[in-house]
Amino acid sequence: NINHPNACVSPWHAQAFFPYGSVPDSTDAEEAWRVLLRECDQRTVLFTGGPLSNVAEAIRRGGSGFKTGCWLGQGGFAGDNVVPP
């Protein structure tokens, strides 16, 4: 949902990529499942680090048309600044 009311960039990423100001608002986006269907093929290494809802949607909509060469699924991420240094 591109019009989601909450901040969708973590404070760490906001500081890393926009150190001199706030993250600019934008509605210039494409649904992720569409990008996956269009861009992934047998040469793609798809690395995921969260819920697989967009991958599931690409599979649901694209069926056998959705391809990747390799899938690497990262597990166990709990969020920014959860484990103290």
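Thresholds applied
Residues numbered from 1 in each chain as written. Predicted model: local features only at pLDDT ≥ 70, side-chain atom pairs only at ≥ 80, totals over all residues. Heavy atoms only, no water. Helix = DSSP H or I, 4+ residues; strand = E, 2+ residues; numbered from the N terminus. Buried < 20%, exposed > 50% of the residue type's maximum accessible area, 1.4 Å probe, protein only. Areas by Shrake-Rupley, 256 points an atom, 1.4 Å probe, with all protein chains shown as cover. Core = buried A, V, L, I, M, F, W, Y, C linked by side-chain atoms within 4.5 Å. Contact = heavy atoms within 4.5 Å. Salt bridge = Lys/Arg side-chain N within 4 Å of Asp/Glu carboxyl O. Pairing = 2+ DSSP bridges. Right-handed = clockwise from strand over helix to strand, strands pointing away.

Trainee: Explanation requested: the overall build of the chain in the structure shown.
Mentor: Looking only at helices and strands, one finds 3 helices and 2 strands in the chain. Moving toward the C terminus, one meets the helices and strands of the chain in the order α-α-β-α-β. Across the 85 residues of the chain, 14% fall into the buried class. Surface summary for the chain: the accessible area is close to 7,100 Å², and the carbon and sulfur share equals 55%.

Trainee: Explanation requested: the nonpolar core in the structure shown.
Mentor: Listed in full, the 7 residues of the largest apolar core are Trp-33, Leu-36, Cys-40, Leu-46, Val-55, Ala-58 and Phe-66. Excluding anything up to four places from it in sequence, Leu-46 contacts Leu-36, Val-55, Phe-66, Thr-68, Cys-70, Trp-71 and Leu-72.

Trainee: What exactly am I supposed to notice about the side chain of Thr-44 here?
Mentor: In this structure, Thr-44 sits in the loop between α2 (32–39) and β1 (45–48). Thr-44 sits in the buried class, given a relative accessible area of 17%. Ignoring any residue separated from it by four or fewer positions in sequence, one finds Thr-44 in contact with Glu-39, Thr-68, Gly-69 and Cys-70.

Trainee: Explain the environment of Gly-63 here, please?
Mentor: Within the secondary structure, Gly-63 sits in the loop between α3 (53–62) and β2 (70–73). In the structure, Gly-63 is positioned 26 residues away from Leu-37 in sequence and 9.6 Å away in space, judged by C-alpha atoms.

Trainee: Which parts of the structure should I look at to understand the pattern of salt bridges?
Mentor: Any two side chains of opposite charge can pair, given that their charged atoms come close. One pass over the full model with this rule turns up 6 salt bridges. The salt bridge partner of Glu-39 is Arg-38, with a shortest N-O separation of 2.8 Å. Glu-39 sits in the partly exposed class, given a relative accessible area of 49%. For Arg-43, the salt bridge is made with Asp-41, and the minimal N-O distance between the two is 2.8 Å.

Trainee: I would appreciate a short explanation of the pairing of β2 in the present structure.
Mentor: Side chains on a regular strand alternate between the two faces of the sheet. With 4 bridges joining them, β1 and β2 adopt parallel strand pairing. The partner of Phe-47 across the bridge, within β2, is Leu-72. Regarding the hand of the β-α-β motif, the stretch spanning β1, α3 and β2 is right-handed.

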